[in-house]
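Analysis of the macromolecular model
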Amino acid sequence: MVSKTCLRRIKRTFKLRNNTVEWSNMGNDNKKNIPPSFLSQHLTGLHNSSTSDDSAGSQSLRSFFQSEFGISLQSYYMLQEAVYWPGPHRPITHLSMSTSPENTKFTIQNLKESYQTGEELFVMVHAKDFNNNSKDYGGDFFQAKLFWSKSKASVFGDVVDLLNGSYSVRFLLPWVGEAQVAVRLIHSSEAVQVLKHHRDTDSDRVYYNGYYEAPGPNKTRLNEVVECNVKWDKNGLESLGTKNCCCEYSDPRTRETWRCKKPKSLPCSALVYHSMGSYRNRLTKEEKALMEETNKGIKGDENIIKILHSPGNKTIEKCRPGLHTPVPAGFFLDDVWTSFVCNISHFTPQTTTKCLKDKHIYMMGDSTMRQWFEFFVKTIPTLKQMNLHVQYNAGPLMAVDVENNIDLHWRAHGFPLRTFKTAVASLHYISNEIDDLAGGPHTIIMLNLGPHFTTYPLDFFTLRVLRIRKALLALLQRAPDTTVIIKTVNTGYKDVFGSDWYSLQLDRVLRWAFQDVGVYILDVWQMTACHYSKENIHPGPIIIKNEIDVLLSFICPK
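Anyway, here's the lowdown on the structure attached to this text. Just so it is clear, the structure is predicted and the values come from calculations on it, not from any experiment. (Residues numbered from 1 in each chain as written. Predicted model: local features only at pLDDT ≥ 70, side-chain atom pairs only at ≥ 80, totals over all residues. Heavy atoms only, no water.)

A word on the overall build of the chain
Per the secondary structure count, the chain includes 13 helices and 27 strands. Here the chain, with 558 residues, has 58% of them falling under the buried criterion. Taking the intrachain contacts of the chain between residues at least 6 apart in sequence as the baseline, contacts between residues at least 24 apart amount to 75%. (Helix = DSSP H or I, 4+ residues; strand = E, 2+ residues; numbered from the N terminus. Buried < 20%, exposed > 50% of the residue type's maximum accessible area, 1.4 Å probe, protein only. Contact = heavy atoms within 4.5 Å.)

So, the sheet that holds strand β25 (residues 443–447)
A sheet is described by the order of its strands in space; here seven strands give the open sequence β21-β22-β23-β20-β25-β26-β27, paired in mixed fashion. Each edge of the open sheet carries a strand with a single partner, namely β21 (384–385) and β27 (520–522). Bridge count between β21 and strand β22 (residues 397–401): two bridges; the pairing is antiparallel. Bridge pairing links Gln385 to Ala399 in β22. (Pairing = 2+ DSSP bridges.)

Details of the packing of aromatic side chains
By the definition in use, this model includes 17 aromatic pairs. Among the aromatic residues, ring-to-ring pairing joins Trp232, Phe453, Tyr456, Phe460 and Phe461 into one connected group. Lys145 extends its terminal NZ or CZ atom over the ring of Phe147, reaching a point 5.8 Å from the ring centre. Positioned above the aromatic ring of Tyr273 is the side chain of Lys421, whose terminal nitrogen or guanidinium carbon lies 4.9 Å from the ring centre. (Phe/Tyr/Trp six-rings, centres within 6.5 Å; stacked < 30°, edge-to-face > 60°. Lys NZ or Arg CZ within 6 Å of the ring centre and 35° of its normal.)

A closer look at the nonpolar core
Core analysis: the biggest nonpolar cluster contains 123 residues, and Leu356, Met363, Phe376, Met446, Leu472 and Phe514 have the highest contact counts within it. Counting residues per element, this core draws most heavily on helix α10 (residues 458–478), at 11 residues. Non-local contacts of Phe376, meaning those with residues more than four positions away in its chain, are made with Thr352, Leu356, Met363, Leu383, Leu408, Ile548, Leu551 and Leu552. Grouped together as the second largest cluster of nonpolar side chains are 27 residues, Ile108, Tyr115, Leu121 and Val123 included. (Core = buried A, V, L, I, M, F, W, Y, C linked by side-chain atoms within 4.5 Å.)

Observations regarding a nonpolar patch on the surface
A cluster of nonpolar side chains, Met386, Leu388 and Val390, forms an exposed patch at the surface whose accessible area comes to about 220 Å². Inspection of the secondary structure assignment puts Leu388 in the loop between β21 and β22. For Leu388, a relative accessible area of 36% gives the class partly exposed. (Patch = residues over 30% accessible without salt bridge, like charges linked within 9 Å, V, L, I, M, F, W, Y side chains within 5 Å. Areas by Shrake-Rupley, 256 points an atom, 1.4 Å probe, with all protein chains shown as cover. Salt bridge = Lys/Arg side-chain N within 4 Å of Asp/Glu carboxyl O.)

Structural notes on the sheet that holds strand β12 (residues 246–250)
Reading across the sheet, the six strands line up as β12-β13-β11-β10-β14-β24 and stay open at both edges, with antiparallel pairing between neighbours. Every other strand in the sheet has two partners, leaving β12 and β24 (422–423) as the edge strands with one partner each. Of the pairings in the sheet, the one linking β12 to strand β13 (residues 257–261) comprises five bridges and is antiparallel in character. Residue pairing for β13: Ser250 is matched across the bridge by Thr257.

What about α10?
With 21 residues, α10 extends 30 Å from end C-alpha to end C-alpha; this agrees with the ideal 30 Å at 1.5 Å per step. Of all the 21 residues making up α10, 16 are buried; the element is thus mostly covered by neighbouring parts of the structure. (Expected span 1.5 Å × (residues − 1).)

Focus on the environment of Ser168
Position of Ser168 among the secondary structure elements: in strand β8 (residues 166–172). With a relative accessible area of 19%, Ser168 lands in the buried category. Linking Ser168 and Phe106, residues 62 residues apart in sequence, is a C-alpha distance of 9.4 Å. Among residues more than four places away in sequence, those in contact with Ser168 are Phe122, Val123, Met124, Asp158, Val159, Val160 and Leu162.

Things to note about the pairing of strand β20 (residues 360–365)
Across a regular strand the side chains alternate sides, sitting on one face of the sheet and then on the other. Here β20 pairs with strand β23 (residues 406–412) via six bridges, running parallel. Bridge pairing links His360 to Asp407 in β23. Both β20 and β25 contribute to a ladder of five bridges, which runs parallel. Within β25, the residue paired with Met363 across the bridge is Met446.

A word on the packing of helix α5 (residues 189–201) against helix α6 (residues 285–292)
Remark: α5 packs on α6, axes separated minimally by 8 Å, with the N-to-C direction vectors making an angle of 125°. As summarised for this structure, α5 and α6 are arranged oblique, according to the angle between their axes. Relative to α6, the crossing made by α5 is left-handed. Where α5 approaches α6, its residues Glu190, Ala191, Val194, Leu195, His197 and His198 are matched on the opposing element by Glu287, Leu290 and Met291. Of the residues that constitute the contact of α5 with α6, the class distribution is five nonpolar, two polar and two charged. (Axes fitted to C-alpha atoms, helices over the stretch in contact; angles between N-to-C directions. Parallel < 35°, antiparallel > 145°, perpendicular 65-115°, else oblique. Left-handed = near helix turned anticlockwise from the far one by under 90°. Nonpolar A, V, L, I, M, F, W, Y, C, P; charged D, E, K, R; others polar.)

Details of the environment of Trp148
Note on placement: Trp148 falls in strand β5 (residues 141–148). Residue classification places Trp148 among the buried residues on the basis of a relative accessible area of 14%. Considering only alpha carbons, one finds Trp148 and Gln180, 32 residues apart in sequence, at a separation of 6.3 Å. When residues no more than four places from it in sequence are discounted, the contact partners of Trp148 are Ala153, Trp175, Glu178, Ala179, Gln180 and Ile304.

Here's the deal with the side chain of Ser339
Looking at the element boundaries, Ser339 is found in strand β19 (residues 336–339). Within the local environment of Ser339, its side chain forms a polar contact with the backbone nitrogen of Val341, the two atoms lying 2.9 Å apart. A polar contact of 3.5 Å, which involves the side chain of Ser339, links it to the backbone nitrogen of Cys342. In this structure, Ser339 is in contact with Ile316, Ala329, Gly330 and Ile344, ignoring residues within four places of it in sequence. (Polar contact = N/O pair within 3.5 Å; in protein donor to acceptor, adjacent residues only side chain to side chain.)

Here's what the structure looks like:
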């Protein structure tokens, strides 16, 4: 049992361990250690009021994390550090005080006449406000890349926040030829505070419809449509109502609860369909102004970097589970991705079929995972999609190749899901699906989570991910030769309903949760952030093909 004393202890505030914060997709190494925030809500009732021994309470809390989620308490502290993001140290009373993409500049540090492949290039970004005053605090969300349009080459830059209005960017120089630097201000530190505020106060700005149906007189059907959402007692989600306002649908295994306002005349058991409802934009005039300064290129050195061949060749190891994802994770050249994680191959329809022969493939997640399903159906001539007579966008979907003994499945990740009207019975939680799989050497599991969770509290997303982690640990214990691939979040959204900043926070949670589970983590964040194609939550064919090459290299390593 977790003591009250222990619960008080974990609410203490920790201080910054040093004065820099790193903004890379891998998470920050130097961040504020924030105590577990979901404990006050989700451990209520677990404490023993008669226990006042702080050390005993700490031990109970550690035991709870280990038994419930398979993680240490210290590991959870590390997550809080990974998602920490600094903000302004003063009240922002006018747009002019925020970071200006027009006045902010970048400079290349110690530019040389030429470089060799494998060397690094450093860039400094100096943030200024709309009055051309230098900023003296951090928290701006920048993305940077090195590119050369003629050779369709690009690589992701590692941005480090120095917490004083300046940002250091490190680039690896991976190709022979020429390159230039590009830096974008995705959100000012002030706009990030807007995003934080709305995630903390109105997570119900995206809501859903529940469709209730029941037999009526003379063979008619009675219908009612009501508002639905996640059950959560804060972050604005409590606004759906209290006490007897709602029908609640609690999953016995995940213990998550979906709830809908009670229909006027139909029972709670009559819920049949689910769909996206709509959006509520509650931004104030001032907040809208801050959010308009989004995804803007900033000016800086336009020097052309000349890169010569280096005689040394770095050996890339064979793909295997558990490999670290560096920054950069790879680079594009002639629209082909070269990985720094492990040795990847480039697959034809024939080699794709050979790789997936005799495999049961289970894809779980959102529409970006469905893009992989669609790629395989289009690419493998003998793979035929079955008509399951379901709503396509929500699935489930299935394709079969009898000749090569391949069966391919895609299923949405369950509530919350922004989709067209679909049967509630078709929406399953990922952890439950994993629990129902035997696994084994012929089983491949691919999963992702992200875009449908951007408006929700990080605590809610973290709990969902930890339950999936627990299910995967159990699967890999009973069938250790099962192949599991976690697809990270990709870039695309830039607004208060799905900003890249939200996605980056979710991405850090995913990486933290699965880094030590013995699975493959397939980085698509850097791919989508640095490619020249227009950003879209659903990447184009070039990016998808390169993602699949990495995926198949995990399944069939060389």
